[in-house]
Amino acid sequence: MLRRYWHVFLTLGTGIVLLSAIRQTRQIVIPLWAHHIGLSSASASMIYGIAGAIDAATFYPAGKVMDRYGRRAVAVPCTALMGVSFLLMPLSHGFTTLILVSLLMGMSNGIGSGIVMTLGADVSPSVGRPTFLGLWRELADAGTGIGPVILSAVTAVWTLGGGIVVSGVVGFAAAAALWRWIPGQRASRTERAPSPSEPGALRE
């Protein structure tokens, strides 16, 4: 499977690794930055919870947009806006500004709900699909592990703000990769692996 679809894993799969990296990192930076600027644990928890509510509230409309306008319509804004929110976070120095940045971060993650496995279903072959999707999931898991490592490594040699900014750059790299390699809505079967009968049915 790797030999046959190495190009898909190397190109679109790279975008999935980067997307998963910034998604995992976003769960860490809110409490870390809240502590850094001196907010209480209760305030940090409130901000995190509100951001999570906005994230969940965008699930359904994101799915409608994805099925109507294609995968790029949600994948690229999701990663680009997350990148923007990361760049803005070091500029926040209080409860109000941090909650605004966190709301942007939650909304941007929510609009990409389900995109990882939906793209995997789109490009997977009809024969050997479980194996393909298993490898696809491994790419996402790799990104989940890489994201916090990038933040930690840059923070160790620079500052927490610097680590957050570098993590934001990962989001822009993910947006560029997904824009470049997500198959077009009318991509022919010769341009990509066969799609399942209901490409929007599988959600992460």
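If you're wondering where the values come from, they're calculated on a predicted model, not measured in any experiment. (Residues numbered from 1 in each chain as written. Predicted model: local features only at pLDDT ≥ 70, side-chain atom pairs only at ≥ 80, totals over all residues. Heavy atoms only, no water.)

### Structural notes on the packing of aromatic side chains
Here comes step 1: On inspection of all chains with the given rule, the structure shows 4 aromatic pairs.
Here comes step 2: Measuring from centroid to centroid gives 5.7 Å for Y5 and F132, while their planes differ by 90°, and the two rings are edge-to-face. Of this pair, Y5 sits in the segment before helix 1 (6–10) while F132 sits in helix 8 (residues 129–157); the two residues are 127 residues apart in sequence, bridging distant segments of the chain.
Here comes step 3: Note on F9 and W136: the rings are 6.3 Å apart at their centroids and 45° apart in plane angle, and the pair reads as tilted. You can see F9 sitting in helix 1 and its partner W136 sitting in helix 8, a full 127 residues away along the chain. There is no split in this pair, since F9 and W136 are both buried.
Here comes step 4: The ring centre of W179 lies 5.3 Å from the NZ or CZ of R72, which sits over that ring. (Phe/Tyr/Trp six-rings, centres within 6.5 Å; stacked < 30°, edge-to-face > 60°. Helix = DSSP H or I, 4+ residues; strand = E, 2+ residues; numbered from the N terminus. Buried < 20%, exposed > 50% of the residue type's maximum accessible area, 1.4 Å probe, protein only. Lys NZ or Arg CZ within 6 Å of the ring centre and 35° of its normal.)

### Comments concerning the pattern of salt bridges
Here comes step 1: A complete count under the given rule lists 4 salt bridges for this structure.
Here comes step 2: Close ionic contact of R71 with D122 constitutes a salt bridge, the shortest N to O distance being 2.6 Å. Taken together, the residues R71 in the loop between helix 4 (59–69) and helix 5 (72–88) and D122 in helix 7 (residues 115–123) connect sequence positions 51 residues apart.
Here comes step 3: Residue classification places D122 among the buried residues on the basis of a relative accessible area of 4%.
Here comes step 4: Salt bridges sharing common partners tie together D67, R71 and D122. (Salt bridge = Lys/Arg side-chain N within 4 Å of Asp/Glu carboxyl O.)

### Looking at the environment of F172
Here comes step 1: Counting through the fold element by element, F172 comes out in helix 9 (residues 160–181).
Here comes step 2: F172 sits 116 residues away from A56 along the chain, and the two C-alpha atoms are 23 Å apart.
Here comes step 3: Among all residues touching F172, those that are not within four sequence positions of it are T79, A80, G83, V84 and L87. (Contact = heavy atoms within 4.5 Å.)

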